[in-house]
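# Secondary and tertiary structure notes
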Number of protein chains: 2
Amino acid sequence: MVQSKTDLFDEELKTQAAWFKVLAHPARLKILQYLSEANSCITGDLSEELPLGRTTVNQHIKELKEAGLIQGHIEGVRTKYCLNPEKITEVKSIIEQFLSGLNVGDYECK
Amino acid sequence: MVQSKTDLFDEELKTQAAWFKVLAHPARLKILQYLSEANSCITGDLSEELPLGRTTVNQHIKELKEAGLIQGHIEGVRTKYCLNPEKITEVKSIIEQFLSGLNVGDYECK
DNA sequence: TCAATTTGACGTATATTTGCGTCCAAATAA
DNA sequence: TTATTTGGACGCAAATATACGTCAAATTGA
């Protein structure tokens, strides 16, 4: 019997792991990076920036949207995307929280 | 220069995404956290700390070992595991590098 | 109105991850 | 020696992720 057992871990670890997973694909990192560098919404085909088909890119966009990291605004027949600064800040904080817990400054292997 | 800037850039994204992926499972986060909190090598059965079977935990340990984040030392019939502080520091730096690139301080959605 | 454009929804095929059972080698205890 | 403990190697099956083709709705221009 093979099942997903992730719900057996405590909430904090699950949340942290889930955020790492959202960021665990170069296409999604690239989209975030692009939107950040544009410092604005961009219209239309993000897929031209990536070595992937349009629908695949859309899939990644959808994941980022569902995670709340980006927002889409419909403008006529097009859609503008932009980062959600609040959520980005939140994620940074959550990840930072985990990483800072790995205190290796005085780590000793005994 | 053998590679174009674009290629180097993509390599960087792939590396960053790969590290996020290593951390994208609560079991692996838990293992790292446990080793960190123990502030030492621990001997033997980490699976008692996790809601997973021994072989499954071993699988996650193997991934962390292959990623270089932890080290195993054989002691007779047992194995001691400990964090690899250098690698942990390196990963922190790589992740920090990506996150700090998402500069939302003056982000404007135009 | 009608055709073209844009983009999301849906389905599908493939690849990868996850969880675990089984077996085996090495060290140790009896 | 033999039995036991420990943990890695291997392989299987289910779950999930990835990539993309197709289709339909909405908007816009002719």
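Attention here is on the structure that accompanies the text. (Residues numbered from 1 in each chain as written. Chains lettered and ligands numbered in written order. Predicted model: local features only at pLDDT ≥ 70, side-chain atom pairs only at ≥ 80, totals over all residues. Heavy atoms only, no water.)

## Here we look at the overall build of chain A
The number of helices and strands found in chain A is 4 helices and 3 strands. Taken from N to C terminus, the helices and strands of chain A fall in the order α-α-β-α-β-β-α. For chain A, the proportion of its 110 residues judged to be buried stands at 43%. Accessible surface computed for chain A: about 6100 Å², of which carbon and sulfur atoms make up 47%. (Helix = DSSP H or I, 4+ residues; strand = E, 2+ residues; numbered from the N terminus. Buried < 20%, exposed > 50% of the residue type's maximum accessible area, 1.4 Å probe, protein only. Areas by Shrake-Rupley, 256 points an atom, 1.4 Å probe, with all protein chains shown as cover.)

## A closer look at the interface of chain B and chain A
Interfaces are often sized by the accessible area lost when the parts come together. Taken together, the contacts link 46 residues of chain B with 45 residues of chain A. Surface buried jointly by chain B and chain A totals about 4100 Å² across both partners, of which 70% is contributed by carbon and sulfur atoms. On inspection of chain B and its partner chain A, the count reaches 0 salt bridges. Inspection of the region where chain B meets chain A yields 10 residue pairs in polar contact (both at pLDDT 80 or more). Breaking the side of chain B that touches chain A down by element, the ones donating at least two residues are helix 1 (5–22), helix 2 (26–38), strand 3 (78–83) and helix 4 (85–101) of chain B. When residues of the side of chain B that touches chain A are assigned to their parent elements, the largest contribution, 10 residues, is made by helix 4 of chain B. Each residue belonging to the side of chain B that touches chain A can be placed in one class, and the counts come to 26 nonpolar, 11 polar and 9 charged. (Contact = heavy atoms within 4.5 Å. Buried area = accessible area lost by both parts, 1.4 Å probe. Salt bridge = Lys/Arg side-chain N within 4 Å of Asp/Glu carboxyl O. Polar contact = N/O pair within 3.5 Å; in protein donor to acceptor, adjacent residues only side chain to side chain. Nonpolar A, V, L, I, M, F, W, Y, C, P; charged D, E, K, R; others polar.)

## Some thoughts on the relation of the copies chain B and chain A
Overlay of chain B on chain A (RMSD 0.1 Å): rotation 180 degrees, translation along the axis 0.0 Å. Those values place the two copies in the arrangement expected of a two-fold rotation axis. Considering only C-alpha atoms, the part of chain B nearest the rotation axis is Phe20 of chain B, at 2.6 Å. A shared interface surface links the copies, since 89% of the contact residues of chain B are contact residues in chain A too. (Least-squares fit on C-alpha atoms with pLDDT ≥ 70 in both.)

## Concerning helix 3 (residues 54–67) of chain B
All names here are of chain B. Between its first and last C-alpha atoms helix 3 spans 20 Å; for 14 residues at 1.5 Å apiece the expected length is 20 Å, and the two agree. Listed in full, the buried residues belonging to helix 3 are Val57, His60, Ile61, Leu64 and Ala67. Considered in projection along helix 3, the buried side chains sweep an arc of 120 degrees and stay on one side of the axis. Pointing more than 90 degrees away from the buried face of helix 3 are the exposed residues Arg54, Thr55 and Glu66. Just beyond helix 3, the residue with positive phi is Gly68, at close to 90 degrees. (Expected span 1.5 Å × (residues − 1). Arc of directions from axis to C-beta.)

## Observations regarding the packing of aromatic side chains
Here the structure, examined in full by the defined rule, presents 3 aromatic pairs over all chains. Centre to centre, the rings of Phe20 of chain A and Phe98 of chain A are 6.0 Å apart; their planes meet at 80 degrees, and the pair counts as edge-to-face. Here Phe20 of chain A is found in helix 1 (residues 11–22), whereas its partner Phe98 of chain A is found in helix 4 (residues 85–101), with 78 residues between them in sequence. Both residues of the pair, Phe20 of chain A and Phe98 of chain A, belong to the buried class. Counting every residue linked through ring pairs, the aromatic cluster contains Phe20 and Phe98 of chain A together with Phe20 and Phe98 of chain B. (Phe/Tyr/Trp six-rings, centres within 6.5 Å; stacked < 30°, edge-to-face > 60°.)

## A short note on the side chain of Arg28 of chain B
In this structure, Arg28 of chain B sits in helix 2. In this structure the side chain of Arg28 of chain B is engaged in a polar contact, spanning 2.6 Å, whose partner is the backbone oxygen of Val22 of chain B.

## Things to note about the side chain of Arg28 of chain A
All names here are of chain A. Residue classification places Arg28 among the buried residues on the basis of a relative accessible area of 7%. A distance of 3.3 Å separates a polar side-chain atom of Arg28 from the backbone oxygen of Lys21. The contacts of Arg28, once residues within four sequence positions are left out, are Lys21, Val22, His60, Glu63 and Leu64.

## As for the packing of helix 1 of chain A against helix 2 of chain B
Remark: helix 1 of chain A packs on helix 2 of chain B, axes separated minimally by 8 Å, with the N-to-C direction vectors making an angle of 115 degrees. For the element pair helix 1 of chain A and helix 2 of chain B, the recorded crossing hand is right-handed. On helix 2 of chain B, the residues that touch Leu13, Gln16, Ala17 and Phe20 of chain A of helix 1 of chain A are Pro26, Leu29, Lys30 and Gln33 of chain B. Of the residues in the contact of helix 1 of chain A with helix 2 of chain B, the class split is 5 nonpolar, 2 polar and 1 charged. (Axes fitted to C-alpha atoms, helices over the stretch in contact; angles between N-to-C directions. Left-handed = near helix turned anticlockwise from the far one by under 90°.)

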